[in-house]
Amino acid sequence: EHPTAMSEHILKEGLFNVVVTGEGEETLLELVRKIESNEPWDKIDGIVFKSKEGQIVNNARRKRIMNINDLPYPDWDNWCLEKYMEFRQIPGINLGRSMPILGSRGCPYGCTFCSNSNMWRRRYIMRDGKAIVDEMEYMKNKYHVDSFSFYDSTFIVNRDKTINFCQELIRRNLDITYRLPAGTRCEVFDEELALILEQSGLRNFMFALES
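None of these values were measured; they are calculated from a predicted model.

Caption draft 1: A look at the nonpolar core. Counting residues in hydrophobic clusters, the biggest one holds 30 residues, and the most contacted among them are Met136, Phe148, Phe150, Phe165 and Tyr178. When contributions to this core are tallied by element, the ones reaching two or more residues are helix 4 (81-86), strand 4 (98-101), helix 6 (129-143), strand 7 (147-150), helix 7 (159-172), strand 8 (177-184) and helix 8 (191-199). The biggest single contributor to this core is helix 6, with five residues. In this view, Met136 contacts Ile101, Phe148, Phe150, Phe165, Leu169, Ile176 and Tyr178; residues no more than four positions away in its chain are not counted. In this structure, Leu31, Trp41, Ile47 and Phe49 belong to the second largest nonpolar core, which totals five residues.

Shown next, in the form of structure tokens:
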């Protein structure tokens, strides 16, 4: 989010000659292919770069990825995951062997202090409950984790999808816990939702400051 917000500043510092803005998966892949084939960068949506003449070129923003269920899981094998867990680099309370996960992207709200609208725009897209739980089950089996920390800007926006996610977790009985440390809005909360969140393994969350 920092390079997206301050791309020109980063390029002027002289360490980099290109910045990927917003969602990076499709943009970075296209950029790498252009570099490999020695093609120009001026048609790549979603980058800001320094031209050969030293001018900063701000290309058009890339359209949001709509079907985030199709994105592959993060490549944790090429990350120091054990050290990450050993030093408890997960936000929120410590609940054991825990790793990060993302259940949605974006936020429909427009809080003045937040960088979300610049990074993701104002469109909220949540993964299907089954897709989220599929990833949790896969990571539990592969890395022997028993807890997850959601890095979503705000997780509970779509009440029906949230309940569907909880029901899927309960049905599979994975014996895992999770938390929502970044904060979530209070508009959709009621006793029914609170109960099913607790039953599905939610152990820690925060109401967002603006609530």
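Next, the rest of the story.
Caption draft 2: Looking closely at the layout of surface pockets. Of the pockets and cavities examined, the largest pocket occupies roughly 640 Å³. Among the elements of the structure, strand 4 and strand 5 (104-105) are those that each provide at least two residues to the lining of the largest pocket. Of the residues in the lining of the largest pocket, the class split is 11 nonpolar, one polar and five charged. By volume, the second largest pocket amounts to about 340 Å³. Around the second largest pocket sit 24 residues that line it, and Cys114, Asp152, Ser153, Thr154 and Ala182 are the ones nearest its centre. Mapped by element, the contributors of at least two residues to the lining of the second largest pocket are strand 5, helix 5 (116-120) and strand 8. A per-class count over the lining of the second largest pocket returns 11 nonpolar, eight polar and five charged.

About the thresholds
- Residues numbered from 1 in each chain as written.
- Predicted model: local features only at pLDDT ≥ 70, side-chain atom pairs only at ≥ 80, totals over all residues.
- Heavy atoms only, no water.
- Core = buried A, V, L, I, M, F, W, Y, C linked by side-chain atoms within 4.5 Å.
- Buried < 20%, exposed > 50% of the residue type's maximum accessible area, 1.4 Å probe, protein only.
- Helix = DSSP H or I, 4+ residues; strand = E, 2+ residues; numbered from the N terminus.
- Contact = heavy atoms within 4.5 Å.
- 1 Å grid on protein atoms, 1.4 Å probe; cavity = no way out; pocket = protein on both sides within 12 Å on 5 of 7 lines; lining within 4 Å.
- Points joined across faces, edges and corners; volume = space filled by probe spheres on them.
- Nonpolar A, V, L, I, M, F, W, Y, C, P; charged D, E, K, R; others polar.

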